[in-house]
Amino acid sequence: MAWTCLVGKAHCSRYGLSAASKARLISDSSLSRCHHDFFSTHSGRPGATAKAVTPPPARNLFSPSAAHARKLALDRDVIVSVLESSATRRDAKGYLQKYASKKEAATPTSKPDSPQFFQGLQPSPQQPEGLSSGQGTEQLGVDEELTKVAIVKLREPQQLPDDTLAGIAKTLSQLRALGLLAIVIVDCGIRQCRKTFEHEALRLCEAIDSSFGQPVARFADGVFIRQPRNGPPKDTYLPSPIFSGSVRVDDQGMLSRALRRNKIVVLPSVARPDDLSSPRPTNAHDTLLALAKYLIGMQFAPSEGLSNEGHGSRPSRTASVERVILLDPLGGIPMLGKANVAHRFINLEQEYTTLMGQLNDAHGSSTGPGEQAMSLKLSHAENLTLAKDALSLLPSSSSALITTPLAAANKKQPSDSTSLQLDDMVATRNRRNPLLHNLLTDRPAFSPSLPLQRIKDESHGGLRTVDVSAATLVKRGMPVTILPEPRDRPWRPPEPGSPRLRLTDTSVDLPRLVHLIEDSFGRKLDVQDYLNRVNENLAGIIIAGEYEGGAILTWEQPDGLSEQQAFEQGRFVPYLDKFAVLKSRQGSAGVADIVFNAMVQDCFPEGVCWRSRKNNPVNKWYSERSAGVLQLPDSNWTMFWTTAGLSVEHPMFQDYKAVCRAVQPSWADDKHILD
């Protein structure tokens with residue numbers, strides 16, 4: 001027992017536990033019974049029988065050796081490789097502006113008042129963006145910058161072998177090098193004992209230190225405490241039910257000091273019921289939300305809540321939460337009816353209610369036995385709910401990533417890796433790491449509008465379906481308005497003479513729609529000529545957000561057919577007439593993906609065609625998402641279509657060609673010039 005206490009003291013000293021935490025850890029009589037949980041030699045799994053119990057190695061407190069310096073150089077090369085293969089010039093610029101220090105991001109020709117590019121909306125320096133613009137946190141100094149952090153929840157680490165945990169630790173270290181500091185909540189399951197939580201947290205700390213080569217991990221114990229059962233007073237105003245959670249952070253400045261020192265903080269999901277009792281395992285959903293509220297300065301005690309008039313005390317912000325990362329063996333949120341395929345991107349404003357209905361449906365389709373499949377779906381629903389609850393607290397530019405520990409570890413696999421020479425060392429370029437890619441691009445690893453069969457496995461350099469169940473990016477996103485609503489009535493060609501939607505209807509904000517088109521194309525639209533052409537054959541429109549993106553779709557009839565003949569013969573052609581995204585939203589927020597997916601999944605699932613000028617730089621994006629491409633002879637147009645299995649001899653293909661040739665442009669500058 002004396003030896004065990006010494007080991008406990010060593011861990012307390014190494015990870016900076018508070019005096020109270022030291023006393024709780026050392027004096028607990030169960031430590032002697034559970035010391036094998038701390039130092040098991042079987043991949044760190046609790047309950048495993050160890051033949052020889054040895055304490056974990058001490059931290060490396062000496063200067064890096066030459067071999068370690070070369071390892072750091074290799075890590076930098078991996079980061080450069082990610083930038084080169086995954087990020088566009090726009091992505092790299094946005095990342096540098098947001099995460100690099102001012103000194104690193106500045107250039108000799110930069111000016112203090114030059115335009116700055118930010119991923120998402122830029123919070124004003126006087127009023128950092130929080131839950132709403134009317135509820136600001138304390139004003140920051142001009143030169144004061146909040147640490148940018150990611151809250152990571154690692155589920156069931158006791159099931160992970162040491163090499164996987166080492167891979168996760170390396171990724172966390174790389175995120176730190178890239179400017180995003182991780183705060184990890186260890187979730188071993190509510191039924192596990194407290195010692196399992198503490199052991200796995202310490203195990204991760206050791207892996208992080210080993211990965212970085214010096215002590216950079218901070219084990220934080222006793223941070224969470226349960227709220228009083230009586231709750232806030234009746235006259236206390238709370239902005240959302242989320243603020244009435246059962247757990248709060250009581251950290252006494254330890255977290256803020258660790259963040260200032262650029263430490264990766266690891267916290268077991270345990271909470272004290274009071275100041276005297278030992279911590280007990282607690283639902284990680286509650287601890288993650290409590291941590292987020294504390295970091296952004298929105299943790300309200302019963303006596304500190306805002307009054308009905310909106311005046312009251314509130315704590316200051318500790319950090320800027322940029323990401324919420326859920327590492328779960330289940331992976332991303334599954335797609336309905338597609339085995340082992342997950343959503344690559346979820347727009348909560350548009351999809352949350354539908355997805356939750358599918359995941360909570362006991363009679364929904366599944367690939368496994370009933371009870372097991374339902375349990376998995378409920379676990380996915382809990383992850384999606386946690387992502388939504390956390391993002392509701394954070395700025396709109398924040399995002400949540402749900403992925404597997406294996407994907408986060410980016411483990412080398414001989415079948416999907418290529419050699420990379422660096423001096424006299426041979427390294428391996430792994431598959432795209434979803435955590436690093438998301439940090440650098442603010443997008444999922446693969447575009448959500450890209451067909452599954454087109455996803456490239458860059459390790460092989462070919463076209464093949466890869467693991468698409470590994471990661472789902474979740475954002476608050478934007479609402480999507482589709483007129484007419486296809487869920488009420490699928491889009492079909494209207495009978496001649498029947499009522500139909502027009503762009504001049506009150507449900508359409510025509511001035512904003514015209515501004516969207518002109519801003520996206522950089523050209524003035526001849527509005528009246530355009531209305532004359534599309535008002536009588538309009539199929540519908542798609543609007544993303546506040547007219548930040550949209551599509552106008554029409555029913556076109558091939559030359560030589562009247563409207564009545566085209567209707568009777570079923571030869572109306574579904575045509576994408578305009579596809580527009582505001583310049584300020586191009587390349588960010590996934591607006592183009594949102595609009596395109598609404599078109600091909602909700603409006604025209606059986607196929608649609610469109611055309612684009614041959615020199616349009618967007619043609620590569622169109623080509624990757626279409627079922628076919630054709631350069632129209634003797635014209636300046638390229639035709640695209642999404643109809644599957646359409647051969648060049650098919651009558652529909654000939655109708656597509658005829659329509660794409662015949663549509664007349666309606667621009668004010670050259671409306672009579674044919675391409």
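Above this text you will find the structure in question.
These numbers were taken from a predicted model, which means no experiment stands behind them. (Residues numbered from 1 in each chain as written. Predicted model: local features only at pLDDT ≥ 70, side-chain atom pairs only at ≥ 80, totals over all residues. Heavy atoms only, no water.)

Caption draft 1: Inspection of the environment of serine 647 at higher detail. Structurally, serine 647 can be placed in the loop between β23 (637-641) and α20 (651-662). Each C-alpha atom, one on serine 647 and one on glycine 628, is 9.5 Å from the other, the two residues being 19 residues apart in sequence. (Helix = DSSP H or I, 4+ residues; strand = E, 2+ residues; numbered from the N terminus.)

Caption draft 2: Structural detail: the sheet that holds strand β5 (residues 247-249). The strand order across the open sheet built from four strands is β5-β4-β7-β8, with neighbouring strands paired in mixed fashion. On the outer flanks of this sheet lie β5 and β8 (280-281), each paired with one strand and no other. Both strand β7 (residues 270-272) and β8 contribute to a ladder of two bridges, which runs antiparallel. The residue bridging alanine 271 from the neighbouring strand is arginine 280, located in β8. Across the face of the sheet, helix α10 (residues 284-295) comes into contact with β4 (224-226) and β5 while running at roughly 40 degrees to β5. (Pairing = 2+ DSSP bridges. Contact = heavy atoms within 4.5 Å. Axes fitted to C-alpha atoms, helices over the stretch in contact; angles between N-to-C directions.)

Caption draft 3: Examining the nonpolar core more closely. Counting 119 residues, the largest nonpolar core has Leu172, Ile208, Leu295, Leu384, Ile542 and Leu553 as its most contacted members. Counting residues domain by domain, this core receives three or more from each of domain 1 (64-96 + 146-229 + 242-299 + 317-361 + 375-410 + 432-477) and domain 2 (480-662). The residues touching leucine 384, leaving out its near neighbours within four places in the chain, are Ile333, Ile346, Leu348, Tyr352, Leu355, Met356 and Leu359. In this structure, Leu503, Leu516, Ile517 and Leu525 belong to the second largest nonpolar core, which totals 20 residues. (Core = buried A, V, L, I, M, F, W, Y, C linked by side-chain atoms within 4.5 Å. Buried < 20%, exposed > 50% of the residue type's maximum accessible area, 1.4 Å probe, protein only. Domains from an automatic or database assignment.)

Caption draft 4: Structural context of the pairing of strand β11 (residues 399-403). A large share of β11 lies buried, amounting to five of its five residues. Burial along β11 is two-sided: Ser399, Leu401 and Thr403 and Ala400 and Ile402, pointing in opposite directions, are all buried. Of the strand pairs in this sheet, strand β9 (residues 320-327) and β11 are connected by five bridges, and their pairing is parallel. Pairing of valine 324 across the sheet is with alanine 400, part of β11. Here four bridges tie β11 to strand β16 (residues 471-475), and the two strands are oriented antiparallel to one another. The partner of leucine 401 across the bridge, within β16, is leucine 473.

Caption draft 5: Quick peek at the environment of alanine 166. With respect to the helices and strands, the residue alanine 166 is situated in helix α7 (residues 162-177). Assessed through its relative accessible area of 36%, alanine 166 is described here as partly exposed. Distance in space between the C-alpha atoms of alanine 166 and arginine 203 is 9.7 Å, their sequence separation being 37 residues.

Caption draft 6: Structural context of the packing of α7 against helix α8 (residues 194-212). Here α7 crosses α8 at 60 degrees, and the two axes come no closer than 8 Å. Between α7 and α8, the interaxial angle falls into the category oblique. Regarding α7 and α8, the two cross each other, and that crossing is right-handed. Taking contact as the criterion, the partners of Asp162, Leu165, Ala166, Ala169, Lys170, Leu172, Ser173 and Arg176 in α7 are, on α8, Arg203, Leu204, Ala207, Ile208, Ser211 and Phe212. In terms of residue class, the contact of α7 with α8 is built from eight nonpolar, two polar and four charged. (Parallel < 35°, antiparallel > 145°, perpendicular 65-115°, else oblique. Left-handed = near helix turned anticlockwise from the far one by under 90°. Nonpolar A, V, L, I, M, F, W, Y, C, P; charged D, E, K, R; others polar.)

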